[in-house]
Amino acid sequence: MAELWSNLGQLAWLLLSLLQNLGTLFMTLGLLLFGIAFALWAIDWRKLAPTLHEGAAIPFALLILAIGGVWGAFSQSELIWMGIKVPNYAWQTMATIIGAGLFLLCGWLQLRYGWFPQTIELTPPQSHGHHHHDDHHHDGHGHGHDEGHHGGHSHDHQTSH
C-alpha cells in the first residue's frame, strides 16, 4: 500500500510539472501570437514605416539589442540548439532580433495586403468658430429676427447677453 501512495505522489508531482511546462509554453506562444496580431492589426504601418525610414530604425535596433541584454541578465541560461551550445546573452539577443524581424514582416504584410487598422480619433472634432443663429438668445436686444442677424447691433462677444 505504501508503494501505491508513493506512486500517486510521483504522479501528482509529474502532473504539476506538466501543467507548469504547458503554462510556460502557452504564455510564450500566447505572447508571440499577441505580438503578431498587434503588429498586423493594431499598428498603422502607413505611418510607422516612413518614420522608420527617416531614422527611427536606429533607436529601434538599439532597443532590440537592449531587450536581448536585459533578457539575458534576468534569464541566465544556455540553449542547446541542433547539438550546438549557444551561450547566455547570445541566444536571447538572437531571439529578439528574430522577433523584430517578424514584427517588420507583419508590417510588410499589412502594407502589401492593405490590412490597415481602423482609425480612432481620440480628440473631439474641433469647432471652426461657426455659430448658428438659433443658438443666440436675443431677448432684450430690441430687434426682431426679421431685421437680420447684423441689423443694428454690434457683435462684441466680450459683453454678456
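Scroll up to find the structure this text is about.
All of the points below concern the structure found in this document. On a predicted model such as this, the values are computed, not experimentally measured, just so you know.

Observations concerning the overall build of the protein chain
Right, on to step 1. The helix and strand inventory of the protein chain stands at 3 helices and 2 strands.
Right, on to step 2. Listed by position from the N terminus, the elements making up the protein chain come as α-α-β-β-α.
Right, on to step 3. Going through the 161 residues of the protein chain one by one, you find that 16% of them count as buried.
Right, on to step 4. Within the protein chain, contacts between residues separated by at least 24 positions form 54% of all contacts whose residues are at least 6 apart in sequence.

Examining the packing of helix α2 (residues 45–74) against helix α3 (residues 90–113)
Right, on to step 1. At their nearest, the axes of α2 and α3 sit 8 Å apart, and the two run at 160 degrees to each other. Relative to α3, the element α2 is oriented roughly antiparallel. Crossing geometry of α2 relative to α3 is assigned as right-handed. In contact with Trp45, Arg46, Ala49, Leu52, Phe60, Ile64, Leu65, Ile67, Gly68, Gly69, Trp71 and Gly72 of α2, α3 contributes Trp91, Gln92, Thr93, Ala95, Thr96, Ile97, Ala100, Phe103, Leu104, Gly107, Gln110 and Leu111.
Right, on to step 2. Taken together, the residues of the contact of α2 with α3 sort by class into 15 nonpolar, 8 polar and 1 charged.

Considerations on the side chain of threonine 93
Right, on to step 1. Its place among the elements puts threonine 93 in helix α3.
Right, on to step 2. Look at threonine 93 and you get buried, because its relative accessible area is 18%.
Right, on to step 3. In this view, threonine 93 contacts Leu65, Gly68 and Gly69; residues no more than four positions away in its chain are not counted.

Things to note about the layout of surface pockets
Right, on to step 1. A volume near 930 Å³ is recorded for the largest pocket.
Right, on to step 2. Together, 28 residues line the largest pocket, and Leu32, Trp71, Ala95, Thr96 and Gly99 are the ones closest to its centre.
Right, on to step 3. Elements supplying a minimum of two residues to the lining of the largest pocket: α1 (2–41), α2, β1 (79–81) and α3.
Right, on to step 4. Looking at the lining of the largest pocket, its residues break down into 24 nonpolar, 4 polar and no charged.

A few points about the pattern of salt bridges
Right, on to step 1. The tally for this structure, following the rule as stated, stands at 2 salt bridges.
Right, on to step 2. The closest approach of N and O atoms between aspartate 44 and arginine 46, which form a salt bridge, is 2.9 Å.
Right, on to step 3. On the basis of relative accessible area, arginine 46 is assigned to the partly exposed category, the value being 42%.

Concerning unusual backbone geometry
Right, on to step 1. With phi around 55 degrees, methionine 82 is a residue other than glycine that occupies positive phi space.
Right, on to step 2. As for its position among the elements, methionine 82 is in the loop between β1 and β2 (84–86).
Right, on to step 3. Phi angles above zero are rare outside glycine, and tyrosine 89 is one such case at about 75 degrees.
Right, on to step 4. Tracing the sequence through the fold places tyrosine 89 in the loop between β2 and α3.

Reading the values: rules and limits
Residues numbered from 1 in each chain as written. Predicted model: local features only at pLDDT ≥ 70, side-chain atom pairs only at ≥ 80, totals over all residues. Heavy atoms only, no water. Helix = DSSP H or I, 4+ residues; strand = E, 2+ residues; numbered from the N terminus. Buried < 20%, exposed > 50% of the residue type's maximum accessible area, 1.4 Å probe, protein only. Contact = heavy atoms within 4.5 Å. Axes fitted to C-alpha atoms, helices over the stretch in contact; angles between N-to-C directions. Parallel < 35°, antiparallel > 145°, perpendicular 65-115°, else oblique. Left-handed = near helix turned anticlockwise from the far one by under 90°. Nonpolar A, V, L, I, M, F, W, Y, C, P; charged D, E, K, R; others polar. 1 Å grid on protein atoms, 1.4 Å probe; cavity = no way out; pocket = protein on both sides within 12 Å on 5 of 7 lines; lining within 4 Å. Points joined across faces, edges and corners; volume = space filled by probe spheres on them. Salt bridge = Lys/Arg side-chain N within 4 Å of Asp/Glu carboxyl O.

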